[in-house]
Amino acid sequence: MKKASLILLCTAGMAFASCDDFLTEYPTDAVVDEEAFSSAKGFSNNLNGAYNRFGAYRFYGRNVVCLGDAASDIVYHDSKSGNFLTLSSWQVQSTDSYLRDIWEYGYKVINNSAKIIRAGEEADFPESEMATVYGCMAQAYGLKALTSFTLTCVFALPYSAATATSPGIVNITDPVEAFQQVGRSPLGDNYSLILADIARAKEYFAREGVETPGYAYINPVALDALEARVRLYMQDYTGAIAAASAALAARRSSLVTSAGAYGAMYTTNAVSQEDIFVIVKSATDNSGSNSLSTMYPFYGLHVSESILAEYAETDIRTALLNNGDGAKYVGTDEGADAHNIPVMRLPELYLTLAEAHAAQGNYARARENLLVLATARDPGLNADAIPADASITDAIRQARKLELLQEGHRYFDARRWGIKIDVARGRFTAFDPSRFAFPIPQTEVNAGFGVTQTEGWEQNLPK
């Protein structure tokens, strides 16, 4: 198949056989738009294709989550297999297949979402069917925002006033056609579009007759949670507090407080009371090395022993974490390879509120929110150990490290905090990830459609 611009689209007129396996699995993506969106059902089919690509192992179903932890100081690779070895050992090259897959599948999600949005704007169905279309558009805007944000975290510098004009990713508002020239937008423009897409998603969810999907899909609570995450990364603490508070008020659930309930969140295939948006993976679409359950530990990834030692003996999470390196991906009642992948959960909201309040100097409110999580996870906790002064920032960062272990946050947290970490099991020490962005895949740069490489990216590798 001719590879062209970002998502390596199959050009019109090419047969199914020329497309990759993923396209042949979801043929609505390969049908001309007039056919694919000729009914409300067609919108739902295309949305399912976008979700499948988002949850594919090449994107959030494995690679993104692995990268967020394996490239940090809390997970290491034993080198017994080559799976994800290059990135976890920091042997980074612009030709890396894992980075290529993250870029390619991310833009497959974005472009597919953009097609749904554009077709929805042009749709003229009976009123009874338009509610379905609007619901699909709402979720497409949300998927587009979340995917774009994820790509900026991987391929651009962390957001700040100083980096807002640095090269970001390619902003997509309309579907990219084959051979279309594109270019990277400034990072600040990326974030502006992400927030605009979240706002548009909320608008479409608010339209009459639009149903609210469950937590295995982009839903209104997930949009607030995503906005809270984005604004926290932007250091917009007031905005992060407002969005996280809105999500908590809408979710109306509580944290689990027993070891059994905590373990059940990861060892059954049910959406848990803490989930806000979760990828539900069955054994059939998650087999072998495609599964996080085989990456930990059979294909070489391990949680660092020093991290496990940081949990208190009375912490309810240890009952799951001490069962082996697989921990959150040990499998479910559907089989060893079946496990859900949490994208957004309630604990992150409390941690966001704690961090944002602390950044604004409101240490009492920061402590209040941190205690919600800390006391739920550790019934033996001495609450007096949680400070109500500036030192609470360290406690919040420690809580994020322990709570979000294996969920792909640690590397990106270290970048935005500007802290130095030891990576590749201590081979590289005092690495500053805030100065580093992974290279744009060389296949994309070489395609000649306008996407340029990040200059000097190699200079900021760990040494």
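Model, not experiment: these values are computed from the prediction. Residues take numbers from 1 onward in each chain, read along the sequence in its written order. This being a predicted model, a pLDDT of at least 70 is required before a residue's local features are given, and a value of 80 or more before pairs of side-chain atoms are given or counted; all residues contribute to the totals for chains, interfaces and linings. Think of the side-chain values as coming from all heavy atoms in the structure, minus any hydrogens and water.

K.L.:
When you look at the nonpolar core in this model, what are you seeing that I'm missing?
P.N.:
We define the nonpolar core as a collection of buried residues of types Ala, Val, Leu, Ile, Met, Phe, Trp, Tyr and Cys that are connected through side-chain atoms lying within 4.5 Å of one another. Only protein chains enter the accessibility calculation, which uses a 1.4 Å probe. A residue is then buried if its area is under 20% of the maximum for its type, exposed if over 50%, and partly exposed in between. If you look at the biggest cluster of nonpolar residues, it comprises 137 residues, and the most contacted ones within it are Phe54, Trp90, Phe155 and Phe438. Elements are defined by DSSP. Helices are runs of H or I of four residues or more, strands are runs of E of two residues or more, and each kind is numbered from the N terminus. At 15 residues, helix 7 (residues 127-155) tops the list of elements feeding residues into this core. The residues touching phenylalanine 438, leaving out its near neighbours within four places in the chain, are Leu67, Ala71, Leu87, Trp90, Val92, Leu99, Val154, Phe155 and Tyr411. Formed by 6 residues, the second largest nonpolar core is a distinct cluster that contains Val256, Tyr266, Ile316 and Leu320. Two residues form a contact once any of their heavy atoms are found within 4.5 Å.

K.L.:
What's the story with the packing of aromatic side chains in this structure? I'm lost.
P.N.:
Aromatic rings considered in pairs are described by the distance between their centres and by the relative angle of their planes. Classification of ring pairs uses Phe, Tyr and Trp, with its six-membered ring standing for Trp, and accepts pairs whose centres are within 6.5 Å; under 30 degrees between planes counts as stacked, over 60 as edge-to-face, and the remaining range as tilted. Inspection of every chain in the model, using the stated rule, returns 27 aromatic pairs. Summarising the aromatic geometry, the rings of phenylalanine 84 and tyrosine 98 are spaced 4.7 Å apart at their centres and angled 55° between planes, so their arrangement reads as tilted. Of this pair, phenylalanine 84 sits in the loop between strand 1 (75-77) and helix 5 (85-88) while tyrosine 98 sits in helix 6 (residues 97-122), and the two are 14 residues apart along the sequence. On the basis of relative accessible area, phenylalanine 84 is assigned to the buried category, the value being 0%. Consider the rings of tryptophan 103 and phenylalanine 155, whose centres lie 5.2 Å apart with planes at 85°: the pair is edge-to-face. Remark: phenylalanine 155 occurs in helix 7 and tryptophan 103 occurs in helix 6; sequence separation between them is 52 residues. When its relative accessible area of 0% is taken as the criterion, phenylalanine 155 is described as buried. Aromatic rings pair up to connect Trp90, Tyr411, Phe412, Phe431, Phe436, Phe438 and Trp457 into one cluster. Positioned over the ring face of tyrosine 105 is lysine 108, at 5.5 Å from the centre of the ring. In our convention, an over-ring charge means Lys NZ or Arg CZ found within 6 Å of a ring centre and within 35 degrees of that ring's normal.

K.L.:
Looking at this model, I keep getting lost on the confidence of the model for the protein chain. Mind explaining?
P.N.:
A low pLDDT score tells you not to read the predicted coordinates there in detail. The pLDDT score gives, residue by residue, the confidence of the prediction method on a 0 to 100 scale. In this model, the protein chain carries a mean pLDDT of 90, and residues with pLDDT of at least 70 account for 92%. Across residues 1-32, where pLDDT falls below 50, the model places 66 contacts with residues more than four positions away in sequence or in other chains.

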